[in-house]
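One letter stands for each residue in the lines below.
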Amino acid sequence: IFDERARTAISKTPIRKEISIKDVEIINDTTLKLEDHQIKMNKDAFKGICKIVGLPVGFDKTFTASFGDKARQQLINRLKVAVQAKGSTTLSLVVNPDTKEIISVQKDPRDLISNATFLDTTSKIINKYGLEVSDFSVNSDGAVVVNTASPKNVWGINGLQDEEFYGGISFTNSPNGGFMV
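Residues numbered from 1 in each chain as written. Predicted model: local features only at pLDDT ≥ 70, side-chain atom pairs only at ≥ 80, totals over all residues. Heavy atoms only, no water.

A.B. asks: Hey, could you run me through helix H2 (residues 43-53) in this one?
C.D. replies: Of the residues making up H2, those classed as buried are Ala-45, Phe-46, Gly-48, Ile-49, Cys-50, Ile-52 and Val-53. Turning to H2, the residues buried within the fold contact strand S2 (24-28), strand S3 (31-34), helix H3 (57-67), helix H4 (69-85), strand S5 (90-95) and strand S6 (102-106). Gly-54, located one to two residues past H2, shows a positive phi value of around 85 degrees. (Buried < 20%, exposed > 50% of the residue type's maximum accessible area, 1.4 Å probe, protein only. Helix = DSSP H or I, 4+ residues; strand = E, 2+ residues; numbered from the N terminus. Contact = heavy atoms within 4.5 Å.)

Next comes the structure, spelled out in structure tokens:
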């Protein structure tokens, strides 16, 4: 099962593209324009853009409710120009390979690794410490979670005679959070 899910995880590795912030225009909270192409984006991607330009999500909702989508578009695009003037010029778009939808927008890709590299690193740790995989999942956005338990690390709690607990490690690689242990 591990090998089968590893192949699935590798095939669902999100695509990353580094772009100049000046080449992006926000159309609305589900679409951005890049080099004359309109590209769908999900809510997490839109929140990433808001974070990069310094627009709190709560304020965005209130502003849009009061002034409409066109005013929101103008505000975000003006904030984008201000961010660019401060020297931030690069964005990292993370795209779902199946849907071609942008699933994350980040200032830089420092915490993002491919699912192949993630699985290689995770496998080495699992093998080195004799861990057993208890769960392995691949989400539609390409996020991978591997939960492990150590058969050598069993412990109990006083008063719970029939219960045994196993220590373990959870490994996650996601487009929004990067590699986490």
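So that's the structure; there's more coming.
A.B. asks: Sorry, what's going on with empty space enclosed by the protein here?
C.D. replies: Evaluated as defined, the whole model comprises 2 cavities of 30 Å³ or more. Size it by volume and the largest cavity reaches roughly 90 Å³. Thr-13, Pro-14, Arg-16, Val-94, Leu-112, Ile-113, Ser-114, Asn-115, Gly-142, Asn-173, Ser-174 and Pro-175 together form the lining of the largest cavity. Its boundaries defined by the atoms lining it, the second largest cavity holds a volume of some 50 Å³. Around the second largest cavity, the lining residues are Ile-21, Val-24, Ile-26, Ile-49, Ile-52, Val-53, Ile-76, Lys-80, Leu-91 and Val-105. Only S2, H2 and H4 provide two or more residues apiece to the lining of the second largest cavity. Examining the composition of the lining of the second largest cavity, we find that 3 residues originate from one element, H2, more than from any other. Each residue belonging to the lining of the second largest cavity can be placed in one class, and the counts come to 9 nonpolar, no polar and 1 charged. (1 Å grid on protein atoms, 1.4 Å probe; cavity = no way out; pocket = protein on both sides within 12 Å on 5 of 7 lines; lining within 4 Å. Points joined across faces, edges and corners; volume = space filled by probe spheres on them. Nonpolar A, V, L, I, M, F, W, Y, C, P; charged D, E, K, R; others polar.)

A.B. asks: Would you mind going over helix H5 (residues 115-129) with me for this structure?
C.D. replies: The periodicity of an α-helix, 3.6 residues per turn, causes residues three or four positions apart to be oriented the same way. With 15 residues, H5 should reach 21 Å at 1.5 Å per residue; the first-to-last C-alpha distance of 21 Å fits that figure. For H5, the full list of buried residues reads Asn-115, Phe-118, Leu-119, Thr-122, Ser-123 and Ile-126. Down the axis of H5, the sector holding all buried residues measures 125 degrees, keeping them to one side. Turned more than 90 degrees off the buried face of H5, the exposed positions are Lys-124, Asn-127 and Lys-128. The secondary structure elements touched by the buried residues of H5 are helix H1 (2-11), strand S7 (132-138), strand S8 (144-149), strand S11 (170-174) and strand S12 (178-180). Following H5 by one or two positions, Gly-130 has its phi on the positive side, about 65 degrees. (Expected span 1.5 Å × (residues − 1). Arc of directions from axis to C-beta.)

A.B. asks: What am I meant to see in the pattern of salt bridges here?
C.D. replies: Side chains bearing opposite charge may pair, as long as their charged atoms lie close to each other. Counted under the stated rule, the structure contains 6 salt bridges. Between Arg-72 and Asp-29 there is a salt bridge, with its nearest N and O atoms 3.6 Å apart. Of this pair, Arg-72 sits in helix H4 while Asp-29 sits in the loop between S2 and S3; the two residues are 43 residues apart in sequence, bridging distant segments of the chain. The pair Arg-72 / Asp-29 is uniform in exposure class, with both members buried. The partner of Asp-120 in a salt bridge is Lys-124, and the shortest N-O contact between them spans 3.3 Å. Taken together, the residues span about one helical turn, with Asp-120 and Lys-124 both in helix H5 at a distance of 4 residues. (Salt bridge = Lys/Arg side-chain N within 4 Å of Asp/Glu carboxyl O.)

A.B. asks: Where do I start with the pairing of S6 in this structure?
C.D. replies: Each regular strand shows side chains that alternate between the opposite faces of the sheet. Along S6, 5 of the 5 residues are buried, which leaves the element largely enclosed by surrounding structure. By the bridge criterion, 4 bridges tie S5 to S6 in an arrangement that is antiparallel. Across the sheet, residue Val-94 finds its bridge partner in S6, namely Ser-104. Where S5 folds back on S6, the antiparallel hairpin that results is connected by 6 residues, among which Lys-100 adopts a positive phi of roughly 60 degrees. (Pairing = 2+ DSSP bridges.)

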